[in-house]
Every structure is written in C-alpha cells, then in structure tokens.
Amino acid sequence: MESIRDWPNEAGFQTLHEEREPIELDIKGKIPAWAAGTLYRTGPASKKVTRAAGQKDFEVSHWFDGFGHTHRFEIVSQEDGSSRVRYNSRRANDKLIERAKETGITGTITFGQKADPCVGIFGKVMSVFTRATNRDPGIANVAVTIKPNYPGLTAITSGSTPGHTKIRSLWATTDGAGLKQLDPKTLEPLALTSQKTLHPDLTGPLSCAHAHTDPKTGDVYNFNLAFGRHPTYRIFKTSALTGETEILATISGSGVKAAYLHSFFLTPDYLILAIWGSHIAGSGLKIIKEGNMLDALSPWNSQEKNRWVVIDRKNGNGVVKEFESDASFCFHSVNAWQEGNDIICEYPEYENTDIIHGLYYRNMTSNSPNAETFARDKGESYVPHMVRYRLSNITKEKFGQEKGNSLPKAEKILSLPKRYGGDLPTINPSFAMRETRYIYGIVNRGFSSFLDGISKVDMKTKEVLYWDNPKGHTPGEAIFVARPGAEVEDDGVLLSVVLDGFKEESYLVCIDAVTMEEIGRAEVGAPIGFGFHGCHVP
C-alpha cells in the first residue's frame, strides 16, 4: 500500500534558487500565442536558515510564515501561433533571512511561528521592538497576493523599464494592512506602505489579502480591522479614477467578533463580509501577547454562528442586512452574484479551522513522519467541499435589527462532495459577479501529504474533471486565461507552476480548460517554492 509520503514535495518548501536576470525556458508542446502576457506568482519558498557552526539553525514553523519569493513569467507570442517564455525571480526578504541568521529570530509578528524556548528575554524584547519599528521592505514578509496598479498608492520610480505597458506599479499584499511595492520587472522590493496612507481612519493592523476590483470601474474594495474593546471593521473603496478612498461602512459593537478573514464577496451592488468562526481572542489583542495569529485564535466553537454582513456599495446606505449560518471556515471566496433581491455566494467550506493547523510544515511535507499522523487523526475535517449559499430579500435600506430578534438564516443551497473542488479556486475572470458554471481548484485526493491535482468542477452537472498529472507532480494555483473573443465560459487555458518532486524541478504547465489536458509546458530546470497566488496581465 502506497503512503502519502511516497509523493515527494519537500523541494517545494525549501529552495533558495533565484534567477535575477531573465532566462529563456525550454518549451515542450505549445503555449498558445493568445496566452501571451506576464504571469506573476508570489508566496513562500524557504523555511530554514543555516547559521554559523555551533548555532542552532532557524526554522519556520508554518507555511504562511515561509520566506517570500516572487516569480515572473514573460509569455511572448510568436508568428507561428506559439509562445516563448522568459523567467526571472527574486527573494523578497533577504534582510529578514539575514536577521534570522544573525540572531536566531525574525523579530516580527507572524502567522503561526512556534516560539523557541531557547530564546531568552533579550530576544523577546528585541522582537517586540522590531515589530513596532519595521518599515524596511526587505524585512516585511508581504507575499500572499500580487496586485498591479493599486489605486491611491504613491509608487516610487524604479530604475528599470516595466517590460509591460499595462503595469505602472506592482504591489504585494497579505492579511495585514501593509503593502509592499515591487519593481514590475526585476521584482526588487522598493517600498513599504500601509492602508493608512489611503485613509487616516484605516489604522487597524489586519485586512484581507484578496482585495476585490470592480471589473467595470477598476475601483478596489477591502476592509481594515482595528482591535480594541470592540473590534472595528471598516469597509472601504478606493476610486481608480481619483485615487480617493471612501469608508462605506463601519461594523462594530458588542456582538462583533474579531476574526481571521482571508477574503470576502462582491456583487454588482453589494459587498458581503462573512465573519467565520476563526475568532481572535481578546477582541484581537491576544495577537500581541502571543506574537502570532494562530495561537491567538479562540478554541473552535461549533455553537457560534457565522455572521454575514451585506453592505451597499453603490448608494451610501452602509449595512443593509445581516444573516447567520452554522459555524464553518473559509479561506477563499469564489464568486457572488445577484438573483433578483437575493445574493448567491460560493466558496470552499471547511467544517472548522483544522486546515490552518494542517499547514504547519511538519504536517504537510513528505519527509515529515507527522504528515501521516495528522492526516489519520483529522480524517476529512481539513478537506473542504464546494458550497453555495443564498442570502434572501436584500433591500437597499439601512439595516436595523430589533432587539431580541434573531438574524435570518443564510441558506445552503448546494454542497458538493469533499475532494471535488479543493481550494485556491479560480474562474474565468470575465464571469466575476455573475453566475459561474466552472470552478478550477487545487485538490488533495489523498495521494499526497499536501496537494496532488487540479480539478474542474461543473456546478451545473456536479461533475468533476482532473488534470492527469504524473505521480509526484504537485501543482499550484491554476490561473485562467481566456481565449480572445471566446463566447463559452471555459474556452481558455490554465497556467500553473508544478513541481516534479522526483527531479526536484518545476515547470509552468498550460492546460486546456475545456478538456483538462496538458498542451504545453515551460521547464524551469530548478525548483520553485509552492507559492500562494498570482495574476496574469495580458
């Protein structure tokens, strides 16, 4: 009987390889010319820092704290209908790595770093001091999503030409309020700023890595979470036209919980903030005590309800309705749209926060004995299933809940089996804010200690197709690129960075989004770390 540890993946969690100057990649098969553009990817690439002889090496505990690395694939169309691919990459945290090498600590607030009992009081005091004073882009570990041309932010000029006429500036974001500017071509960290530069009231330390952009106006939407006696969520919009930021709603009060939230929903008229059961203890302030997010989360309580808050984003009416549903957790929203006075939201739903603990390196690297133990002990609790919820009878009037009245229920109207849809979901971006039929995701089918496939879920027929990847080939988020002029939702290709765990080399695969068959790949010849998210700029 094969073990999940027989699917090698450790090279995707520890690589220092970078290509600061673009290199030409070998192409096998064909990447269509119409997929030309720039594909950016970012996320962690390494977890261990080797220190001097006699000193204990520094090791990162959680995947979300891995040292950031950004990648750039320049896909160049050719006259024969194919494409060339040039690749360059850059570590995002050289100064942070150097600090860990010198001191044995990073001195930053982390997501889930386990404290080293050998670090004495001096190290702990230094850690608190550097958290408060860090403004260096080479130290701040901001590497979850990539967003070109973020409105309202003042970009400094780099010495290189961008290499792409549509990309004026490039920003990396995370679930904090900080944003890091990168050179669009060399990927050099240039500057660090915060949401407070957008609006003076955005003073909280937490936000959402996945800001939404209105596909028609280019306006950017997000929230800022401030701690205190009552946590405060400020929902805001930054205008693409003027660069001005407007607070659309302020959500606070005795019933509002601070929570770790990674995404939200957007429809043509509304923004929907779902506050999952991932509550932060002490009204959020426990993060300061613990020094990390994960140890500050309250114990999971299945009796506490999710809270759905619907905000009018067009007419200035703030919160117009609230709902509740059974406790669950979600990393990534997929899509949302309006049907008459109702809103439909779809996303991969977890029954609790076990998945967050499952992303400690010891639980997911193939060379860790604990990987099998975690998978056996947790069963299916850390595996999501794709769902749709209906929020009914939305009006554009200000919401006022009468005292003693319970909130209406968010109704689960569709739930697919686990291991169908996976996570890191993507869709044809032209179908944002309207009904989606096809969702692409990265799945764990039980073959690997981490991830082992790309799925295409048909939400109409409830059928699933998988890319037939070889054993040991671990894919990353699949970015959809539509064929120009396409009239069918799935007419396009998927671009995913894949690690061949046996050869310890990565490649960019191009998959037909209709058939899920590989049509080409660009071979890097070296390992690329398992990143989080990316974007394709045509």
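This one's a predicted model, so the numbers in the text were calculated from it and none came from an experiment.

Caption draft 1: Representation of the state of the cysteines. By the definition in use, this model includes 0 disulfides. Between Cys 345, a cysteine without a disulfide, and Cys 330, which holds the nearest cysteine sulfur, the sulfur-to-sulfur distance is 10.0 Å. With a relative accessible area of 0%, Cys 345 lands in the buried category. Cys 510 takes part in no disulfide bond, and the closest cysteine sulfur to it belongs to Cys 535, at a distance of 17 Å.

Caption draft 2: Broad picture of the side chain of Ser 449. Here Ser 449 shows up in the loop between strand E26 (438-443) and strand E27 (453-458). Given a relative accessible area of 9%, Ser 449 falls into the buried group. Within the structure, Ser 449 has its side chain in polar contact with the side chain of Asn 9 (distance 3.1 Å). A polar contact of 2.8 Å, which involves the side chain of Ser 449, links it to the backbone oxygen of Met 364. Not counting residues within four places of it along the chain, the set of residues in contact with Ser 449 comprises Ile 4, Asn 9, Asn 363, Met 364, Thr 365, Ser 366 and Ala 371.

Caption draft 3: A look at the nonpolar core. Counting 95 residues, the largest nonpolar core has Tyr 233, Leu 273, Trp 308 and Leu 391 as its most contacted members. Among the elements that take part in this core, strand E18 (residues 270-275) stands out by supplying 6 residues, more than any other. Counting 18 residues, the second-largest nonpolar core is a separate cluster that includes Leu 25, Val 85, Leu 508 and Ile 528.

Caption draft 4: Representation of the pairing of strand E32 (residues 505-512). Buried residues dominate E32, accounting for 6 of its 8 residues. Here strand E31 (residues 492-500) runs beside E32; their pairing, made up of 8 bridges, is antiparallel. Within E32, the residue paired with Asp 500 across the bridge is Glu 505. Once E31 ends, the chain turns through 4 residues before running back antiparallel as E32, passing Glu 504 with a positive phi of about 60°. Judged from the 5 bridges that link them, E32 and strand E33 (residues 518-523) form a sheet pairing that is antiparallel. Bridging from a neighbouring strand, Ile 511 pairs with Glu 518 of E33. The hairpin formed by E32 and E33 contains 5 residues between the paired strands, and Met 516 there has a positive phi angle of roughly 65°.

The rules we used
Residues numbered from 1 in each chain as written. Predicted model: local features only at pLDDT ≥ 70, side-chain atom pairs only at ≥ 80, totals over all residues. Heavy atoms only, no water. Disulfide = S-S within 2.5 Å. Buried < 20%, exposed > 50% of the residue type's maximum accessible area, 1.4 Å probe, protein only. Helix = DSSP H or I, 4+ residues; strand = E, 2+ residues; numbered from the N terminus. Polar contact = N/O pair within 3.5 Å; in protein donor to acceptor, adjacent residues only side chain to side chain. Contact = heavy atoms within 4.5 Å. Core = buried A, V, L, I, M, F, W, Y, C linked by side-chain atoms within 4.5 Å. Pairing = 2+ DSSP bridges.

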